[in-house]
Structure formats: C-alpha cells, structure tokens
Amino acid sequence: MTLHARVLQCILEEPGTSKQRLCRRFDLNRYRLRRVFQKIDEGLSGRSLVQDDLNGVWIVAMDPEKCAGTIWLGGDEGGYVQCSGPREFADGRCYDHSGWENPEMIAFERRLRWVAGPCEASARVLAQLTMTVLEDLAETLSAVNPVTFRQLQEKKRLAGMLRSAMAFVRWKQRARPSASGSWIPPEFAERLRRSSGNTFEFAVKQHFLVLEVTSDAGRDEVVKAWRKLARRYHPDAEGGDEERMKLINLAKDRIFLIRGWD
Ligand SMILES: [Zn+2]
C-alpha cells in the first residue's frame with residue numbers, strides 16, 4: 001500500500017485529524033505531507049481534501065452540480081460539508097466562496113504593486129507617495145466593481161489602507177517641526193515634508209537640517225557645517241544667537257549619537 005493511500009485511509013477513518021498528527025504518525029515533515037496531499041488530491045474524483053489548521057484534515061464528498069466550497073458545520077464536534085450554493089463563477093464556486101478575480105481588480109492590484117515598488121503595499125509604504133497619486137488610486141479603486149465576496153472584502157481592505165495613507169500624508173503636511181521649525185530653511189522644510197516616511201526618520205532629518213546638510217552627510221561634513229554655524233551664531237560673536245546656538249549644538253550631539261560617531 002502506497003504512502004498516500006495509507007494517509008488517505010487514515011483521514012477517512014478519522015476525519016479531522018490534524019496535520020501535525022499525520023506528520024508524526026507517518027514520520028513526514030510539512031513539506032512531504034504537502035506532496036502527499038497533492039497526490040491524494042489527484043486521485044479524489046468526486047471528493048475534495050479540506051485542510052484547515054483549526055479543524056484538521058477532512059475528505060468531503062462533492063456534488064459536481066453545486067459550489068466547490070466547503071462549510072464548517074457544528075461547533076467542536078462538527079465537520080465539513082459541501083456548500084449548497086450555485087456554481088456562479090469560472091472556478092465553480094458561489095458568491096461567498098469564489099476566488100475568481102475580475103480584470104478591474106487585477107489591473108488595480110498591478111498598479112498598486114507598481115507604485116509600492118519592491119515593498120509590500122501597506123499604509124506606511126503608500127504614505128511615501130504624493131497626495132495626487134493616492135487620490136488617483138482611491139478613485140480607480142472606487143470604480144472597481146466587486147463581483148465576489150472575497151473581492152468585496154479585498155476592496156474594503158485596500159480602501160482602508162489608502163485612507164490611512166492619505167491621513168498620514170495630511171498629518172505630515174500639517175506637522176510643523178516644533179522647536180527647531182523656524183530654523184529650517186523653507187526649501188529644506190518642503191523637501192523634508194515630502195520625503196519623510198516615518199516619525200523617527202523625520203526627527204533624525206530635522207537635526208541634519210538644522211546644520212543645513214543632507215542626512216547622508218559624513219562625519220567631516222557635519223563637523224565642518226557645525227563649525228561654520230557655531231562661528232556665525234556664537235553668543236559672543238556679532239549677530240550671535242544663544243537659542244540658535246543651543247539647537248546647533250544639540251543637533252550635532254544627536255547626529256553623533258544616532259550615527260555612532262565619537
Ligand atoms: Zn459556496
């Protein structure tokens with residue numbers, strides 16, 4: 001008797017056996033168990049293998065005229081049955097169970113991947129984009145017409161993500177650097193607002209801007225900038241400014257701390 005036949009027999013005799021238990025019983029790792037499941041699936045005409053981490057592994061008899069989705073019935077002592085819904089979509093499932101994708105949704109997701117770059121799209125990643133791009137994405141999404149339940153859920157999730165990203169961008173535009181704000185040259189301040197993705201980075205960049213250098217400046221450049229400004233704003237110098245001198249010193253100290261220079 002082959003391995004997959006023995007595993008199949010075990011599932012039929014004890015419906016709801018967990019994957020861990022099958023692994024132990026047949027001395028398989030997760031990867032090999034998956035291969036065995038594939039083998040079982042190929043031979044299951046008219047039946048379907050249901051794997052659920054919570055409720056174990058089940059074999060369910062399927063009526064080809066009905067939806068190919070399955071439903072958990074009953075509480076702890078329950079079992080899986082075939083959904084009695086109609087086969088509405090190309091994947092042979094009903095509105096609730098279909099994973100069928102409509103072209104509009106595929107096009108939107110492709111666009112989202114493209115603007116998110118190499119990162120997984122999230123509110124934080126999308127908050128790096130400009131408001132115009134985000135508004136455009138939101139408009140495109142609102143035109144997507146969800147056909148299945150999953151698409152409806154996905155549309156809600158994506159819309160929520162875009163809303164959060166837009167709220168974050170708005171917050172960044174409003175958030176003025178508090179204490180040192182007035183010392184930041186306007187052209188830098190604008191660039192800072194547009195480029196800062198998160199609050200920590202935002203705080204770090206402020207210190208560099210106080211010294212009027214970019215945040216990729218090296219140790220020597222920072223020291224040089226600090227010396228130049230210290231000469232200009234030293235309280236003993238003509239046109240000196242004690243408050244500003246404090247900020248300049250603080251910025252230098254913080255940058256050294258953050259960068260680990262000594
Ligand atoms: Zn169904």
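Keep in mind the model is a prediction, meaning the values are calculated, not measured. (Residues numbered from 1 in each chain as written. Predicted model: local features only at pLDDT ≥ 70, side-chain atom pairs only at ≥ 80, totals over all residues.)

(A) A look at unusual backbone geometry. Its identity as a non-glycine residue notwithstanding, Asp-27 has a phi of 55°, on the positive side. In the Ramachandran plot, Glu-212 falls in the positive-phi region, its phi being about 60° despite a non-glycine side chain. Locating Glu-212 in the fold gives a position in the loop between α9 (199-210) and α10 (219-233). (Helix = DSSP H or I, 4+ residues; strand = E, 2+ residues; numbered from the N terminus.)

(B) Just the packing of α10 against helix α11 (residues 242-259), in detail. α11 packs onto α10 with a crossing angle of 165° between their chain directions and a minimal axis gap of 10 Å. One way to sum up the angle between α10 and α11 is to call them roughly antiparallel. The crossing of α10 and α11 is left-handed. Two secondary-structure elements touch here, α10 through Val-222, Trp-226, Leu-229, Ala-230 and Tyr-233 and α11 through Arg-244, Met-245, Ile-248, Lys-252 and Ile-255. (Axes fitted to C-alpha atoms, helices over the stretch in contact; angles between N-to-C directions. Parallel < 35°, antiparallel > 145°, perpendicular 65-115°, else oblique. Left-handed = near helix turned anticlockwise from the far one by under 90°. Contact = placed C-beta atoms within 7 Å.)

(C) Representation of the nonpolar core within the structure. Within the largest apolar cluster, 13 residues are counted, with the highest numbers of intra-cluster contacts made by Val-210, Leu-211, Trp-226, Leu-229, Ile-248 and Ala-251. Of all the secondary structure elements, the ones that give two or more residues to this core are α9, α10 and α11. (Core = buried A, V, L, I, M, F, W, Y, C linked by C-beta atoms within 7 Å. Buried ≥ 20, exposed ≤ 12 C-beta atoms within 10 Å, placed from the backbone.)

(D) View of the confidence of the model for the protein chain. Chain-level statistics for the protein chain give a pLDDT mean of 86 and a share of 89% at 70 or above. For the protein chain, per-element mean pLDDT is lowest for helix α8 (residues 186-195), which scores 61, and highest for helix α2 (residues 19-26), which scores 95. (pLDDT = per-residue confidence, 0-100.)

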